[in-house]
Amino acid sequence: MGLIFALILLSVFSVCVHCSPGPLEDVVIDRYDIPKLCPREVQTGDFVRYHFNGTFFKDGKKFDSSHDRGTPFVSQVGLGRLISGMDRGLQGMCVNERRKVTVPPHLAYGSIGTGGVIPPDAVLVFDVVLLDIWNKEDKLETRTLSKPANCKRTVVASDFIRYHYNGTLLNGVPFDSSYSRNGTYDTYVGEGYLIKGMDEGLLGMCVGERRTIIIPPFLAYGEKGYGTMIPPEATLVFEVLLVDFFNAKDDLTVEVKKQPMPCPRKSTVGDYIRYHYNGTFQDGSSFDSSYQRNSTYNTYIGMGYVISGMDKALQGLCIGEERRVTLPPHMAYGEKGTGDIIPGSAVLIFDIHVIDFHNPKDPVEIKVTHKPKECSLTSEVDDLIQYRYNCSLMDGTLLYSSDHFQAAPVTTLGANKVIEGLDEGLRGMCVGEKRVVIVPPHLGHGESGAKGVPSSAVLYFELELLDLKKGVPDGYMFVWLGDSPDPLFPAMDLNGDKEVPLEEFSEFIKLQEKEGKGRLRPGMDAESIITDMFNNQDRNSDGKIVAEELKLKVEEDSDKAKHEEL
């Protein structure tokens, strides 16, 4: 039988390709499965955990096996706690390496053997797979896999953190994963709730950072292990993703992204606010957005309708302002979270854009932007006016404009033809005057809104008065601007023939309006108004008014007035 020996490193390691009947002088090592990556090799003084099958070289009969016992063998290498052959045979071994170590008798149990199991002068063969390696001098090891470029804050002791992890033994065998439970692991750091190595390994992490934490057994579960998945004296490897963290002493933080200038008014407690938002967790994942619903979020400020942190964050804002608000869990949804959307103890980030706000006590706000030098005649209730307008939301979104129509609108003030706030804003204007009028919802379209107008929207009007015709009180077709002629009938009887037909009546009324003594209701056909007035005076419908008819009508109107006063 052929024999080949290769001696390595002063005969400490030997590789046996074929076997020899002659006596062995040293251990023979066959490294038949070596992992591609081997960051650490066994050295004297290291502790190792390994599985083995022990057989006799002579006949291959098995005399011992850790596999059969279901428990790996744990020992220290190179300090005489193993037979000399294994002390030598394990040197330089990598985790997950498989090797056969052939041990001559003088490096095993010699000429005496042991316990009736190993006969004298027996050559032993150990088929070994290395599972773990550590040293009492080892320290916790962390390796950063990825880290966000912007890291404003890192984990310190007493922080509460939420993280995902995959846990494996040093040989890559998994023992636990938060991902498999579809939930983060949530705990305080540095308070003794974690194994010592994890308490230390999580310090200094940023939200979104990934790192590998390698924990030696004495900083993990030590000699006892944990349950059935973590054996005694096991090095643990955690790949960690930090989802978020906070401290119980944290207040909300505000980062102003955009603040319009000037800012004449800031939101305060009791105001009703409309705003858009994007809600995200600290890792950037989204949980809600008003933009997706194409509708603002509307609420009162400081009255408990929203989470406490948002109630506080919405104070002191300008219309059009954009800010980022970070809320710790105790100012958001706390340890319980809400529904399936926000997990317990989650830090929430809101990117807010304020559309508008108002107070239920707000009046119409009027700002004159242009006023003609000559302004003796101003608009008031019952006047017929024509005006130009642009109507926008407070963020500048144009809703309506008179420029979109063929002619500017005409309305009678005080006749409930337009929203209350606009009616008020159009009063007291001169022809040619321009104004900005801000109408709060309760004087606009209210909580219901209108076509194209969101609910509870503050409206911004740009107004210009184009024409003004003084009006008459509601229910009247004609009014005297001074004292009426007394007696009236002779003044109406222009030709003195004791009767006034329609044509003569019409001529009389038009003359009064021309001379500024009377006024017809504006916005209506003058001939129709005059005809109605004539028919009202022509008691017998004979096509003419006589003095007796006018007298009877005046007396009836007087009696009616007296009756109404009573």
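Residue positions are counted from 1 within each chain, in the order its sequence is given. Residue-level local features of this predicted model are given only where pLDDT is at least 70; pairs of side-chain atoms are given and counted only at 80 or more, and the full residue set underlies all totals for whole chains, interfaces and linings. Just so you know, side-chain values use all the structure's heavy atoms and leave hydrogens and water out.

**Thoughts on the overall build of the chain**
In plain terms, the rule: Strands here mean DSSP runs of E at least two residues long; helices mean DSSP runs of H or I at least four residues long; both are numbered from the N terminus. Buried means the residue's accessible area, taken with a 1.4 Å probe over protein chains only, is under 20% of the maximum for its type, while exposed means over 50%, and partly exposed covers the values in between. In this description, contact between two residues means that some pair of their heavy atoms is separated by no more than 4.5 Å.
Looking only at helices and strands, the chain has 9 helices and 30 strands in total. The C-alpha extent of the chain, read off along each of the three principal axes, is 165 × 45 × 45 Å. Going through the 566 residues of the chain one by one, you find that 44% of them count as buried. In the chain, of all internal contacts separated by at least 6 residues, the share reaching a separation of at least 24 is 67%.

**Let's talk about the packing of aromatic side chains**
The cut-off we apply is this: Any pair of Phe, Tyr and Trp rings, taking the six-membered ring for Trp, is counted once the centres come within 6.5 Å. Such a pair is stacked with planes under 30 degrees apart, edge-to-face with planes over 60 apart, and tilted for the rest.
Under the defined criterion, the tally for this structure stands at 28 aromatic pairs. Both rings, one in tyrosine 387 and one in tyrosine 389, keep their centres 5.9 Å apart while their planes meet at 40 degrees; by these two values the pair is tilted. What makes tyrosine 387 buried here is its relative accessible area of 4%. Tyrosine 389 gets classed as buried once you look at its relative accessible area, which sits at 13%. Among the aromatic residues, those joined into a ring-pair cluster are Tyr50, Phe52, Phe56, Phe63, Phe73 and Phe126.

**Structural notes on the state of the cysteines**
Stated precisely, the cut-off is as follows: Working definition: a disulfide is two cysteine sulfur atoms within 2.5 Å of each other.
Across all of its chains, the model carries 4 disulfides by this definition. Here cysteine 38 pairs with cysteine 94 through a disulfide, and the sulfurs are 1.9 Å apart. Measuring the twist about the S-S bond at about -95 degrees, one finds the cysteine 38-cysteine 94 disulfide to be left-handed. Separated by 56 residues along the polypeptide, cysteine 38 in the loop between β3 (28-33) and β4 (47-56) and cysteine 94 in the loop between α2 (84-89) and β7 (98-103) bring together distant segments of the chain. Classification of cysteine 38 as partly exposed rests on a relative accessible area of 29%. Its relative accessible area of 1% is what places cysteine 94 among the buried residues. Disulfide pairing places cysteine 263 opposite cysteine 318 at an S-S distance of 1.9 Å. Across the S-S bond of cysteine 263 and cysteine 318 the torsion is about -110 degrees, and the bridge reads as left-handed.

**Describing unusual backbone geometry**
Looking along the chain, the bond that leaves methionine 261 and enters proline 262 is cis, with omega of 0 degrees. Relative to the elements of secondary structure, proline 262 occurs in the loop between β15 (253-258) and β16 (272-281). The phi angle at asparagine 96 is positive, at roughly 80 degrees, despite the residue not being glycine. For aspartate 121, which is not a glycine, the phi torsion comes out positive at approximately 55 degrees. Of note, aspartate 121 is situated in the loop between β7 and β8 (124-134).

**What about helix α7 (residues 502-514)?**
An α-helix turns once every 3.6 residues. As a result, residues three or four positions apart point the same way. What counts, and what does not: Here the expected length of a helix is defined as 1.5 Å per residue gap, with one fewer gap than residues.
The terminal C-alpha atoms of α7 lie 18 Å apart, and with 13 residues this matches the ideal 18 Å at 1.5 Å per residue to within 8%. Turning to α7, its buried residues number three or more, namely Glu504, Phe505, Ser506, Phe508, Ile509 and Gln512. Those residues of α7 that are buried lie in contact with β27 (478-480), α6 (488-492), β28 (500-501), β29 (518-520), α8 (526-537) and β30 (544-545). Looking one or two residues past α7, glycine 516 carries a phi angle of roughly 75 degrees, positive in sign.

**A word on the pattern of salt bridges**
Note the cut-off: The term salt bridge refers to a pairing of a side-chain nitrogen on Lys or Arg with a carboxyl oxygen on Asp or Glu at a separation within 4 Å.
What the rule picks out here adds up to 32 salt bridges. Note that lysine 544 and aspartate 542 form a salt bridge whose closest N and O atoms lie 3.3 Å from each other. A relative accessible area of 35% means that aspartate 542 is categorised as partly exposed. If you follow the salt bridges from partner to partner, you end up with Arg31, Glu97 and Arg99 in one network.

**Describing the environment of alanine 313**
Within the element layout of this structure, alanine 313 appears in helix α4 (residues 308-313). For the pair alanine 313 and isoleucine 301, spaced 12 residues apart in sequence, the C-alpha to C-alpha distance is 9.3 Å. Setting aside residues up to four positions removed in sequence, alanine 313 forms contacts with Leu252, Arg323 and Val325.

**Quick notes on the nonpolar core**
Which entries qualify depends on this criterion: We define the nonpolar core as a collection of buried residues of types Ala, Val, Leu, Ile, Met, Phe, Trp, Tyr and Cys that are connected through side-chain atoms lying within 4.5 Å of one another.
One finds Tyr50, Met86, Leu90, Val103, Leu124, Phe126 and Val128 to be the most contacted residues of the largest nonpolar core, which totals 26 residues. Those elements giving two or more residues to this core turn out to be β4, β7 and β8. The element best represented in this core is β8, accounting for 5 residues. Judged by nonpolar contacts, the second largest core, of 25 residues, contains Tyr165, Val207, Ala234 and Phe238.

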